[in-house]
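Each chain is listed here by its residues.
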Amino acid sequence: MSSRTSSPSKSPSKVTPTKESPAKKVAAKKVAKKEPAAKKEPAAKKVAAKKVAKKQEQEPVEQEQQQEPVEQEQEEQESNEKVMKTLPAKYNKFIQYTYYLITELNKKNINDEGEVLIDEEIFFKKASVFQTEIIHQKDFVESFLNNTKTVAKSMREYVALKKKQLKIAEKEAQKQAKLQLKLQQKELKKQNKKNNNNNNNNNNNNTHVQNIVQLAQNNNNTPQQQEIEQELEVEPFTHDNTLYYRDENTNKLYHTTNHTHIANYNPNTNTIHFL
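Owing to the predicted nature of the structure, the values given are computational and were not obtained by experimental measurement. (Residues numbered from 1 in each chain as written. Predicted model: local features only at pLDDT ≥ 70, side-chain atom pairs only at ≥ 80, totals over all residues. Heavy atoms only, no water.)

**Student:** Can you help me understand the sheet that holds strand 5 (residues 271-274) in this one?
**Tutor:** Remark on secondary structure: sheet strands pair via backbone hydrogen bonds, oriented parallel or antiparallel. If you trace the five strands from one edge of the open sheet to the other, you get 1-2-3-4-5, paired in antiparallel fashion. Here the strands that pair on one side only, and so sit at the sheet edges, are strand 1 (235-239) and strand 5. Put simply, the sheet's adjacent strands are angled 40° from each other on average, direction ignored. Looking at chain direction, strand 4 (residues 261-266) and strand 5 are connected through four bridges and run antiparallel. When the sheet's bridge partners are listed, N264 is paired in strand 5 with H273. (Pairing = 2+ DSSP bridges. Helix = DSSP H or I, 4+ residues; strand = E, 2+ residues; numbered from the N terminus. Axes fitted to C-alpha atoms, helices over the stretch in contact; angles between N-to-C directions.)

**Student:** Honestly, a nonpolar patch on the surface in this entry has me stumped. Any pointers?
**Tutor:** Taken together, Y97, Y100, L101, L105, L117 and I118 make up a surface patch of nonpolar side chains, about 550 Å² in accessible area. By relative accessible area, which is 32% here, I118 ends up partly exposed. (Patch = residues over 30% accessible without salt bridge, like charges linked within 9 Å, V, L, I, M, F, W, Y side chains within 5 Å. Areas by Shrake-Rupley, 256 points an atom, 1.4 Å probe, with all protein chains shown as cover. Salt bridge = Lys/Arg side-chain N within 4 Å of Asp/Glu carboxyl O. Buried < 20%, exposed > 50% of the residue type's maximum accessible area, 1.4 Å probe, protein only.)

**Student:** Would you mind going over the packing of aromatic side chains with me for this structure?
**Tutor:** Ring pairs (aromatic) are described by centroid distance and by the angle formed between their planes. Counted according to the given criterion, the structure contains six aromatic pairs. Ring plane angle 25° and centroid distance 5.4 Å describe the contact between Y99 and F124, whose orientation is recorded as stacked. Pair noted here: Y99 is in helix 3 (residues 89-113) and F124 is in helix 4 (residues 120-126), with a separation of 25 residues, a long-range link. The exposure class assigned to Y99 is partly exposed, which follows from its relative accessible area of 39%. Where F237 meets Y265, the ring centres are 4.8 Å apart and the plane angle is 55°; that geometry is what we call tilted. (Phe/Tyr/Trp six-rings, centres within 6.5 Å; stacked < 30°, edge-to-face > 60°.)

**Student:** Help me understand the pattern of salt bridges in this model?
**Tutor:** Note on pairing: side chains with opposite charge can pair once their charged atoms come close. Evaluation of the coordinates by the stated rule reveals four salt bridges. Its salt-bridge partner being K108, residue D112 comes within 2.9 Å of it at the nearest N-O pair. Taken as a pair, D112 and K108 lie in helix 3 at a separation of four residues, close to a single helical turn. According to the relative accessible area criterion, K108 is exposed, its value standing at 54%.

**Student:** What is the right way to read the nonpolar core from this model?
**Tutor:** Soluble globular proteins tend to bury their nonpolar side chains together. Core analysis: the largest hydrophobic core is formed by nine residues, namely L87, Y91, I95, I102, F124, A127, V129, I134 and V141. Going through the elements one at a time, helix 3 and helix 5 (134-145) are the ones with two or more residues in this core. The greatest single-element share of this core, amounting to three residues, is contributed by helix 3. Sequence-distant contacts of F124, defined by excluding residues within four places in its chain, comprise Y99, I102, T103, V129 and F130. Judged by nonpolar contacts, the second largest core, of six residues, contains F237, Y244, A263 and I272. (Core = buried A, V, L, I, M, F, W, Y, C linked by side-chain atoms within 4.5 Å. Contact = heavy atoms within 4.5 Å.)

**Student:** In this structure, what is going on with helix 3? I would like to understand it.
**Tutor:** In an α-helix, one turn spans 3.6 residues; hence positions three or four apart end up facing the same way. In this model helix 3 runs 35 Å from its N-terminal to its C-terminal C-alpha over 25 residues, within 8% of the 36 Å that 1.5 Å per residue would give. Turning to helix 3, its buried residues are Y91, I95, T98, I102, T103, N106 and N109. On its buried face, helix 3 sits against helix 4 and helix 5. Positive phi shows up at G114, right after helix 3, with a value of about 80°. (Expected span 1.5 Å × (residues − 1).)

**Student:** Honestly, the environment of V116 in this entry has me stumped. Any pointers?
**Tutor:** With respect to the secondary-structure elements, V116 resides in the loop between helix 3 and helix 4. The sequence separation of V116 and T103 amounts to 13 residues, and the corresponding C-alpha distance is 9.8 Å. Not counting chain neighbours up to four residues away, the residues in contact with V116 comprise N106, N109 and I110.

**Student:** What should I look at first to understand the pairing of strand 1 in this one?
**Tutor:** Within a regular beta strand, the side chains point alternately toward one face of the sheet and then the other, so they alternate between its two faces. Bridge count for strand 1 against strand 2 (residues 242-246) is five bridges, and the pairing is antiparallel. If you follow F237 over to strand 2, its bridge partner there is Y244. Between strand 1 and strand 2, which pair antiparallel in sequence order, lie two residues; one of them, D240, sits at a positive phi of approximately 55°.

**Student:** Which parts of the structure should I look at to understand helix 5?
**Tutor:** The end-to-end C-alpha distance of helix 5, which contains 12 residues, comes to 17 Å, matching closely the 16 Å that a straight helix rising 1.5 Å per residue would cover. Looking only at helix 5, the buried set comprises I134, I135, Q137, K138 and V141. Projected down its long axis, helix 5 shows its buried positions confined to an angular sector of 155°, all on one face. (Arc of directions from axis to C-beta.)

Here is the structure:
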């Protein structure tokens with residue numbers, strides 16, 4: 001038999017906590033109060049940082065949104081070029097009118113002037129009348145449809161300018177007409193003055209000659225004829241720059257040299273009837 005040796009049992013040891021003195025506790029609290037608190041970031045910086053972050057998040061989205069319409073337009077244009085084989089009627093009527101306009105203008109000018117007004121081939125090319133690519137004809141017509149307001153404004157400005165130029169031309173024509181009239185009146189006065197001087201000289205000469213002729217006739221005529229001739233009173237009369245002697249009572253006109261009755265004057269119509 002084996003003999004057990006019993007060892008004396010040990011009882012658990014108890015630890016008694018040591019109490020800090022009140023002086024140490026107070027000192028620890030003071031040290032904790034003296035430690036600096038963590039610095040807080042300003043509120044403005046936080047807001048700015050948030051905005052930057054938000055903007056950076058939105059930029060890729062905006063770029064994608066901007067790229068989408070461009071890509072869609074390109075896709076639509078490519079699809080239109082593939083699908084459009086004939087020009088739609090709403091566009092085609094403008095192309096037809098362009099062709100009609102130029103050909104009719106040339107026909108009319110050939111009939112009136114005998115020559116072509118405009119080179120049709122150049123016009124058809126510039127106006128895309130026979131363009132093989134339909135999209136070019138469509139773009140040409142749409143450039144007009146999208147600018148109808150601008151075209152209308154340009155036409156109004158053109159009409160206003162023409163009216164202004166017409167008024168200026170009319171005023172200038174009136175000014176020139178008045179100037180021409182003044183020159184004509186001046187020249188007429190000058191000519192009349194010259195004619196009057198010549199008439200006075202002719203009258204003096206004719207009176208002298210007439211006295212000589214009458215003296216000679218008085219010697220040959222009977223007393224009755226002399227009495228008739230002495231009773232006839234005439235005055236110088238000019239018509240269409242021609243000098244006559246006129247009887248105021250009968251409006252008979254006599255030759256200034258031989259004193260014969262050659263015409264009758266009508267004062268109502270200011271005309272002369274020659275015998």
